[in-house]
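Architecture and fold: a report
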Amino acid sequence: MAWKYEGLQKNNTDYEYTIKFNEREHQLNIHLCKDGERYIPQPNGNTIGIDVNCKHNLFSLSNETTYDYNRKLVNDFCNLSLEIDKLKKQNKEYEIGKRKQQKLDTLKSKMAMSEQQLIADMCKILQSQGVGHIVMEDLNNGFGKCYVKDKDNSDINYNRKVKFLGLSNLKQEVEHIARKYDIAVSTVHASYTSKMCPVCGCIEDENRPNQETFECIECGHKDNADFNAAKNIRNRVCVTVLRESLLKQLDNGAFEPKKLKHEKVKEVLLSFRRNLQKNARSKCTESRLTTFDYI
Ligand SMILES: [Zn+2]
């Protein structure tokens, strides 16, 4: 006898389906298996912080490497979307034609594929470097870090581009792919990661003289702004006192932010800073400041 298989679609990347055909029993068994429940890696090896940003590079890492998305593809998609918006504005009755819709859909799926490829490439390299744990900002509470106008499509604002790039799902995407490379993913609060000095703990708007640069007004520490943010993101997990105050541990050993108000997060960071200053005074040595208590 023949069983007919009718297009079972796997549209959630987090689920896997197994179909068993049992001819003897005249049974068809379908197993739905959530990937994460089968295997979630434990954080091990080295820890890397990742700053996500669509202005300069999609990913800036605390080890000072970067990975960027396919800008041509994204710009083509943004421009076509803008063109359609304009036509809709001119004529309320406007309906998108079949060819245009197809073009839009193709660009969209190419974008998704190239993003997945980028994450896989990054994870592969990190795995080869002994990284078993990556830390990202919690992106669920919006992406309002800054409003950026891109010179390639000046009409697209940052939030819209974030939406186009699907960055709000990025954590799930990274988590899903990283798992295949035995890399665990933690998240931390996004607050003050771009303004904080990882050396002396100073948190000021003035530490960012421009989009590209971090320069601490207290101790003069200077870095690329995105790498600096990535290092702060990493420190939230690697510095014991920050980790214990701000994060909670999940079953697999990775971390996620405790539910804390913005002000509370700042309070924790400021008290960390006071301790750094106290230590510096009692030890009377500058170098002590850069020696964080890493796990
Ligand atoms: Zn500083």
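In what follows, the accompanying structure is described. The structure presented is a predicted model; accordingly, all values stated were derived computationally and were not measured.

1. A closer look at the coordination of the zinc ion
- Summarising the metal site, the zinc ion is bound by the protein donors C197 (SG), C200 (SG), C216 (SG) and C219 (SG), whose distances to it range over 2.3 Å.
- The sequence pattern formed by the donor residues of the zinc ion is C-x2-C-x15-C-x2-C. Highlighted residues: C200 in the loop between strand 7 (184-188) and strand 8 (213-215) and C219 in the loop between strand 8 and strand 9 (222-224), separated in sequence by 19 residues.
- With relative accessibility at 39%, the residue C219 sits in the partly exposed group.

2. Side note on the nonpolar core
- Grouped together as the largest cluster of nonpolar side chains are 35 residues, with contacts concentrated most on I50, F59, L61, L126, I134, L170 and V174.
- Mapped onto this core, the elements with two or more residues apiece are strand 3 (44-52), strand 4 (59-61), helix 2 (71-90), helix 3 (98-128), strand 6 (131-137) and helix 5 (170-180).
- The element best represented in this core is helix 3, accounting for nine residues.
- I134 has contacts with I48, I50, L126, V174, A178, I183, A184, V185 and S186, leaving out every residue within four places of it along the chain.

3. Comments concerning the pairing of strand 6
- Of all seven residues that make up strand 6, seven are buried, and the element is covered over most of its length.
- With five bridges connecting them, strand 6 and strand 7 associate as parallel partners. Pairing of H133 across the sheet is with A184, part of strand 7.

4. A short note on the packing of helix 3 against helix 5
- Running from N to C, helix 3 and helix 5 cross one another at 50 degrees; their axes reach a closest spacing of 9 Å. One finds that helix 3 runs oblique with respect to helix 5. Between helix 3 and helix 5 lies a crossing of right-handed hand. Listed contacts from helix 5 to E115, Q116, I119, A120 and C123 of helix 3 are L170, E173, V174, I177 and A178.
- For the contact of helix 3 with helix 5, a count of residues per class yields seven nonpolar, one polar and two charged.

5. So, the packing of helix 2 against helix 3
- Close contact between helix 2 and helix 3 brings their axes to 10 Å; oriented N to C, the two are set at 150 degrees. When the interaxial angle is binned, helix 2 and helix 3 end up roughly antiparallel. Along this stretch, helix 2 crosses helix 3, giving a crossing that reads as left-handed. From helix 2, L73, V74, D76, F77, L80, S81, E83, I84 and L87 reach across to helix 3, where they touch K100, K103, L104, L107, K108, K110, M111 and S114.

Conventions adopted
Residues numbered from 1 in each chain as written. Predicted model: local features only at pLDDT ≥ 70, side-chain atom pairs only at ≥ 80, totals over all residues. Heavy atoms only, no water. Donors = N, O, S within 2.8 Å, 3.2 Å for Na, K, Ca; no water. Helix = DSSP H or I, 4+ residues; strand = E, 2+ residues; numbered from the N terminus. Buried < 20%, exposed > 50% of the residue type's maximum accessible area, 1.4 Å probe, protein only. Core = buried A, V, L, I, M, F, W, Y, C linked by side-chain atoms within 4.5 Å. Contact = heavy atoms within 4.5 Å. Pairing = 2+ DSSP bridges. Axes fitted to C-alpha atoms, helices over the stretch in contact; angles between N-to-C directions. Parallel < 35°, antiparallel > 145°, perpendicular 65-115°, else oblique. Left-handed = near helix turned anticlockwise from the far one by under 90°. Nonpolar A, V, L, I, M, F, W, Y, C, P; charged D, E, K, R; others polar.

Purely geometric stuff here, so don't read any function into it on its own.
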